[in-house]
Amino acid sequence: MDQNTIMKLMDTFNAISRRTQDESVEFWYARDLQTSLGYTEWRNFLKVVEKAREAANNAGVTAQNHFVEVNKMVAIGSSAEREIEDIMLTRYACYLIAQNGDPRKEAIAFAQTYFAVQTRKQELIEERLRLHERLQARQKLTESETELSRNIYERGVDDQGFGRIRSKGDAALFGGHTTAQMKEKLGMPTARPLADFLPTVTIAAKNLATEITNYNVRQKDLQGESAITSEHVQNNTSVRTMLGERGIKPEELPPEEDIKKLERRVKSAEKKLIKESGLSGGGKK
């Protein structure tokens, strides 16, 4: 996401921010948020709100302190007004709504970060977006590797075979460096997955190669460790070639912060978000 897009989205979400009469709590109206997140139908947006409300309850949070139903008057032309239902949402409620949206949409991806950050400084939001992208990439890789493990198990390869296939794929991607050698090179714990310390671009590269392997294993009905290894090595080699054409050598990129620490930081930020936001009372107004 480029800086111009970030600034435009910041202006959009800042503009719909409101405060309670005593200025103690920042909140957003659901109908304003609906538009900013790109939902055209109120009833469709309400489904996302309900998922977010359920997520709050499941987290042990008093949802009514963050989702407060209200009635308000809106102009309908010719000085006439009518009453409509709306919902006052805390920052935490907005965060949960964004978490239940489609992260492929720029507004949703931005909102997930915007509402998680207590300050609106652009550099902090940009940093958080980069963190979000890395966590998303890591989750996708986990899912594709889990699928690969399942696919090859069904084709006569055990867990040890899966480890060998993945390691040979890594060697192809990292210019001959095996998984163990890359861990040593990056100075990371040997018991941890290599991807937990890789930058986003390398995680995405590993995921792309693994997704292609999954696809071809199914399409070609590849059987046995040898055939699947050959396929996976080819795909990692092709991805490495593509990166090389853009001047990127995966084995030369420095390690990133432990992804587990990043996840703990996100959870800690969520707890702070819950603590620092909340609309007392609840119910119709």
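Residues numbered from 1 in each chain as written. Predicted model: local features only at pLDDT ≥ 70, side-chain atom pairs only at ≥ 80, totals over all residues. Heavy atoms only, no water.

Thoughts on the pairing of strand 2 (residues 26–29)
Then, number 1: Residues Glu26 and Trp28 line one face of strand 2 and the alternating positions Phe27 and Tyr29 line the opposite face, and both faces are buried.
Then, number 2: The pairing of strand 1 (residues 18–19) with strand 2 spans two bridges and is antiparallel. Considered in strand 2, the bridge of Arg19 is made with Glu26.
Then, number 3: Strand direction decides the pairing type here: strand 2 and strand 4 (residues 80–89), joined by two bridges, are antiparallel. Each residue of the ladder has a partner; that of Tyr29, found in strand 4, is Met88. (Buried < 20%, exposed > 50% of the residue type's maximum accessible area, 1.4 Å probe, protein only. Helix = DSSP H or I, 4+ residues; strand = E, 2+ residues; numbered from the N terminus. Pairing = 2+ DSSP bridges.)

Some details on the pattern of salt bridges
Then, number 1: Following the criterion strictly, the structure yields 17 salt bridges and no others.
Then, number 2: As a salt-bridge pair, Arg18 and Asp32 come within 3.3 Å of each other at their nearest N and O atoms. With Arg18 in strand 1 and Asp32 in helix 2 (residues 30–36), this pair connects stretches of sequence that are 14 residues apart.
Then, number 3: In this structure, Arg192 and Asp258 form a salt bridge, with 2.6 Å as the shortest nitrogen-oxygen distance. (Salt bridge = Lys/Arg side-chain N within 4 Å of Asp/Glu carboxyl O.)

Brief notes about the nonpolar core
Nonpolar side chains tend toward joint burial in soluble globular proteins.
Then, number 1: Counting 42 residues, the largest nonpolar core has Phe13, Leu33, Phe67 and Ile97 as the members making the most contacts within it.
Then, number 2: Counting residues per element, the ones that place at least two in this core are helix 1 (3–15), helix 2, helix 3 (42–58), strand 4, helix 4 (91–99), helix 5 (106–114), helix 6 (122–153) and helix 11 (259–276).
Then, number 3: By residue number, the principal contributor to this core is helix 4, which donates seven residues.
Then, number 4: Ignoring sequence-local partners within four residues, the contact set of Ile97 consists of Leu33, Leu37, Phe45, Val48, Val49, Ala52, Phe67 and Leu89.
Then, number 5: Counting residues in hydrophobic clusters, the runner-up holds 16 residues, among them Leu173, Phe174, Ala195 and Ile203. (Core = buried A, V, L, I, M, F, W, Y, C linked by side-chain atoms within 4.5 Å. Contact = heavy atoms within 4.5 Å.)

Structural notes on the packing of helix 4 against helix 5
Then, number 1: For the pair helix 4 and helix 5, interaxial distance at closest approach is 8 Å and the crossing angle is 145 degrees. Crossing geometry of helix 4 relative to helix 5 is assigned as left-handed. Between helix 4 and helix 5, the residues in contact are Arg91, Tyr95, Ala98 and Gln99 and Ile108, Ala111, Gln112 and Tyr114, respectively.
Then, number 2: Across the contact of helix 4 with helix 5, the residue classes tally to five nonpolar, two polar and one charged. (Axes fitted to C-alpha atoms, helices over the stretch in contact; angles between N-to-C directions. Left-handed = near helix turned anticlockwise from the far one by under 90°. Nonpolar A, V, L, I, M, F, W, Y, C, P; charged D, E, K, R; others polar.)

Some words on the side chain of Asn207
Then, number 1: Of note, Asn207 is situated in helix 9 (residues 200–219).
Then, number 2: For Asn207, the side chain forms a polar contact with the side chain of Ser144, separated by 2.7 Å.
Then, number 3: Discounting residues that sit within four places of it in the chain, Asn207 has contacts with Lys140, Leu141 and Ser144. (Polar contact = N/O pair within 3.5 Å; in protein donor to acceptor, adjacent residues only side chain to side chain.)

A look at a nonpolar patch on the surface
Then, number 1: Where nonpolar side chains cluster on the molecular surface, the patch consists of Leu208, Ile212 and Met242 and spans about 230 Å² of accessible area.
Then, number 2: With respect to the element layout, Met242 can be found in helix 10 (residues 224–245).
Then, number 3: Judged by its relative accessible area of 42%, Met242 falls in the partly exposed class. (Patch = residues over 30% accessible without salt bridge, like charges linked within 9 Å, V, L, I, M, F, W, Y side chains within 5 Å. Areas by Shrake-Rupley, 256 points an atom, 1.4 Å probe, with all protein chains shown as cover.)

Quick notes on helix 7 (residues 159–173)
Then, number 1: For helix 7, with 15 residues, the first-to-last C-alpha span of 21 Å sits near the 21 Å given by 1.5 Å per residue.
Then, number 2: Taken as a whole, helix 7 has its buried residues at Gly161, Phe162, Ile165, Gly169, Asp170, Ala171, Ala172 and Leu173.
Then, number 3: The N-cap of helix 7, judged by a side-chain oxygen 3.3 Å from the amide nitrogen of Gln160 a few residues on, is Asp158. (Expected span 1.5 Å × (residues − 1).)

Let's talk about the confidence of the model for the chain
Then, number 1: Summing up the model confidence of the chain, the mean pLDDT is 87 and the portion of residues at 70 or higher is 91%.
Then, number 2: Under a pLDDT of 50 for its full length, residues 281–285 has, in the predicted model, 13 contacts with residues more than four places off or in other chains. (pLDDT = per-residue confidence, 0-100.)

Here we look at the side chain of Asp196
Then, number 1: Among the structural elements, Asp196 can be located in the loop between helix 8 (179–186) and helix 9.
Then, number 2: A polar side-chain atom of Asp196 sits 2.7 Å from a polar atom in the side chain of Arg138.

Some details on the environment of Ala195
Then, number 1: By secondary structure assignment, the location of Ala195 is in the loop between helix 8 and helix 9.
Then, number 2: For the pair formed by Ala195 and Glu256, sequence separation is 61 residues and the distance between their alpha carbons is 9.7 Å.
Then, number 3: Once you skip the residues sitting within four places of it in the chain, Ala195 turns out to touch Arg138, Leu141, Ile203 and Lys206.

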